Amino acid sequence: MSEVKVPEGYKQTEVGVIPEDWGVSLLMDITIDMLQGINTAIDKPEYVYVGVPILKANNVIDQVISLNDADQISYKSYLKYNQRYSVKRNDFLFSNIGARLGTGALWESDITATFAWNVMRIIPDPRKVAPKFLAQLINSPKQSEKIQAQQSGSGMGFVPKATMQKLLLPLPKLIEQTAIATALSDVDNLIQSLEKLIAKKEAIKTGTMQQLLTGKTRLPEFATREDGSAKGFKQTELGQIPEDWEVKPLGDLSIQIKSGKNIKDKFGIYPLYGSTGQIGKCKIPSYNQEAILVARVGANAGRVNFVDGKYGVSDNTIIINTNSDNSIQFVKSWLVQKDLNTLVFGSGQPLITGTQLKNLLTLAPSKNEQIAIATTLSDMDNEIQVLQQRLEKTKDIKQGMMQQLLTGKVRLLDSSAKSDTQTLASKGELQA
């Protein structure tokens, strides 16, 4: 077998081919301390509503430390552990136990905090490694997968300190570490900005749905009478609604509301839908039209989906076809904001029936207004979808940049090189 040719300016090492001016270091040689957190089952700290946050694996999410829902311990309990278990700025908190094993995040705050048993605190030695570079390196897919492959334990996975200490890492000079970390952090900031923007847009959409689908807010073209005066409201079984809206059972808006079929053949080319969404494919489609699907039984009972084209529907799902006097998209949106989970009954096997849905009182504006409302909400959905696609593309670019930069395939030796890499990232030319 012929040897792999090493490019000029690179060398073969225990961690693969890297630039000739890079080194290879054990994690223990570039850190000051590595410590498992407080064993709360044994030490039993005093939990309080307002105190010192104790960070656990569920607070280290997607390489970000979140204090949302973080448990708090009393300052008295915190002092008992002294400074040994305190968290300082630029400490790396790593999940080395359980479902989140293999990822971590840098603590970039001056808030007083401590950490629990399923988190390992790794203190980088700033003379040897830039903290942000170390965080990016350990969180890279290559290193994370390597760590996960070394976990022990038949139940809850665990990577002990001794294993982490012996983790071999490629290590450029500090100046290049900083440049790499900065480039990757810039993309992280873009990802976080997109996530916040999507969350904001989704919150706006939720509020808009509540206003438009109940008639509390009217679209301008439907808000006034022919004489220009504002339309009023009337009292109904569902509370105050616009004077020109009606209250009708869902059955009156539909051609059919019935359960799907018991489909044994689950291999084919047509989508097969069940209570959790698409559950497989079928050879012979049972339907060929737009429809609203409502999960009928199980943990997802009451969940609403929309489908179109040729497809099959299993018998644990209810299919709704609206009549020509109503917009199926409006009815779907109305059912989503209604939250059909409130109709579910049964403690053992949660259930919702077709009869319940047929009798469900719904709001029915004119078809033109239904279409206008559905279009407004659809436009908002499309905007969110574009942002989500951009977010996924940016995450893919980040993965590609990590593969290129953290192995030295692309170098960041000066500001111009950094600029070139950022340009490549913006164009999506650094691929995983």
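Every chain is numbered on its own, with residues counted from 1 as its sequence reads. The model is predicted, so local features are restricted to residues of pLDDT at least 70 and side-chain atom pairs to those at 80 or more, both for listing and for counting; the totals for chains, interfaces and linings are taken over all residues. No hydrogens and no water enter the side-chain calculation; it runs on all heavy atoms of the structure.

### Thoughts on the overall build of the protein
Consideration 1: Strands are runs of DSSP state E lasting at least two residues, helices are runs of H or I lasting at least four, and both sets are numbered from the N terminus onward. Scanning the protein for helices and strands turns up 10 helices and 26 strands.
Consideration 2: Restricting the calculation to C-alpha atoms gives the radius of gyration, and the globule rule supplies 2.2 Å times the number of residues raised to the power 0.38. For the protein, whose C-alpha radius of gyration is 28 Å, the value lies well above the compact-globule estimate of 22 Å for 432 residues.
Consideration 3: Taking the principal axes of the C-alpha coordinates as reference, the protein spans close to 75 × 60 × 55 Å.
Consideration 4: Relative accessibility decides the category of a residue: with a 1.4 Å probe and only protein chains considered, values under 20% of the type maximum give buried, values over 50% give exposed, and everything between is partly exposed. Evaluated residue by residue, the protein yields a buried proportion of 45% over its 432 residues.
Consideration 5: Residue pairs in contact within the protein that sit at least 24 positions apart in sequence constitute 70% of those at least 6 positions apart.
Consideration 6: For accessible areas, the Shrake-Rupley method is used with a probe of radius 1.4 Å. Any residue's cover is judged against the shown protein chains and nothing else. By element, 50% of the accessible surface of the protein is carried by carbon and sulfur atoms, the whole surface being about 22,400 Å².
Consideration 7: When charges are tallied, Lys and Arg are placed among the positive residues and Asp and Glu among the negative ones, while His and the ends of the chain are skipped. Note that the charge is assigned to NZ on lysines, CZ on arginines, CG on aspartates and CD on glutamates. In the protein, the 50 positive side-chain charges and the 45 negative ones have mean positions that sit 5 Å from each other. We call two residues contacting when some pair of their heavy atoms lies within 4.5 Å.

### A few points about the sheet that holds strand β19 (residues 270-274)
Consideration 1: In this analysis, strands are considered paired if DSSP registers two or more bridges between them. Taking strand neighbours across the sheet as the criterion, the four strands line up as β20-β19-β24-β21 in an open arrangement whose pairing is mixed. In the strand order of this sheet, the two ends are held by β20 (277-282) and β21 (287-288), each with one partner.
Consideration 2: Pairing analysis gives two bridges linking β21 to strand β24 (residues 310-313), with the strands arranged antiparallel. Looking at β24, one finds that N288 is bridged to K310.

### A short note on helix α3 (residues 131-139)
Consideration 1: Among the nine residues of α3, eight are classified as buried, and the element is accordingly described as predominantly covered.
Consideration 2: Burial in α3 covers these residues: P131, F133, L134, A135, Q136, L137, I138 and N139.

### Focus: the confidence of the model for the protein
Consideration 1: The pLDDT value tells you how sure the predictor is about a given residue, anywhere from 0 up to 100. Of all residues in the protein, 94% have pLDDT values of 70 or greater, and the mean over the chain is 90.
Consideration 2: The model gives residues 415-421 a pLDDT under 50, and that stretch makes 10 contacts with residues more than four places away or in other chains.
Consideration 3: This stretch, residues 427-432, has a pLDDT under 50; its non-local contacts, to residues over four places away or in other chains, come to 15 contacts.

### Observations concerning the side chain of K56
Consideration 1: Along the chain, the position of K56 falls in the loop between β6 (52-55) and β7 (60-61).
Consideration 2: Among the residues examined, K56 registers a relative accessible area of 16% and is labelled buried.
Consideration 3: Apart from the residues within four sequence positions on either side, K56 is in contact with Y47, D71, A116, N118 and V119.

### Here's the deal with the environment of Y78
Consideration 1: For Y78, the position within the fold is in helix α2 (residues 75-80).
Consideration 2: Once you skip the residues sitting within four places of it in the chain, Y78 turns out to touch V52, I73, Q83, S86, T112, A113 and T114.

### Observations regarding the nonpolar core
Consideration 1: In terms of nonpolar packing, the biggest core is built from 44 residues, with L27, I122, F133 and M164 touching the most fellow members.
Consideration 2: Those elements that provide at least two residues to this core are β10 (92-94), β13 (120-124), α3, β14 (168-171), α6 (174-212) and α9 (367-405).
Consideration 3: Of the residues forming this core, the biggest block, nine residues, is contributed by α6.
Consideration 4: Among residues more than four places away in sequence, those in contact with I122 are L27, T31, D33, M34, D91, F92, F94, L134 and M164.
Consideration 5: The term nonpolar core refers to a set of buried residues drawn from Ala, Val, Leu, Ile, Met, Phe, Trp, Tyr and Cys, joined through side-chain atoms within 4.5 Å. Residues F222, V304, I352 and A364 belong to the second largest nonpolar core, which totals 31 residues.

### Brief notes about the layout of surface pockets
Consideration 1: In this structure, the largest pocket spans a volume of roughly 1,000 Å³.
Consideration 2: Definitions used for this entry: grid spacing 1 Å over protein atoms alone; cavity, a set of points where a 1.4 Å probe fits but cannot get out; pocket, an open set with protein on both sides within 12 Å along at least 5 of 7 lines; lining residue, one with an atom within 4 Å of a point. Around the largest pocket, the lining is made up of 34 residues, and of these D62, Q63, V64, D188 and Q192 lie nearest the centre.
Consideration 3: If you list the elements that add at least two residues to the lining of the largest pocket, you get β7, β8 (64-65), β11 (104-106), α3, α4 (141-149), α6 and α9.
Consideration 4: Considering each element in turn, the lining of the largest pocket owes the most residues, six residues, to α6.
Consideration 5: Three classes are used, and their members are as follows: Ala, Val, Leu, Ile, Met, Phe, Trp, Tyr, Cys and Pro are nonpolar, Asp, Glu, Lys and Arg are charged, and the others, Gly among them, are polar. When its residues are assigned to classes, the lining of the largest pocket shows 13 nonpolar, 12 polar and nine charged.
Consideration 6: Top element by residues in the lining of the second largest pocket is α9. It accounts for six residues. Grid points are joined across faces, edges and corners, and a volume is the space filled by probe spheres set on the points.

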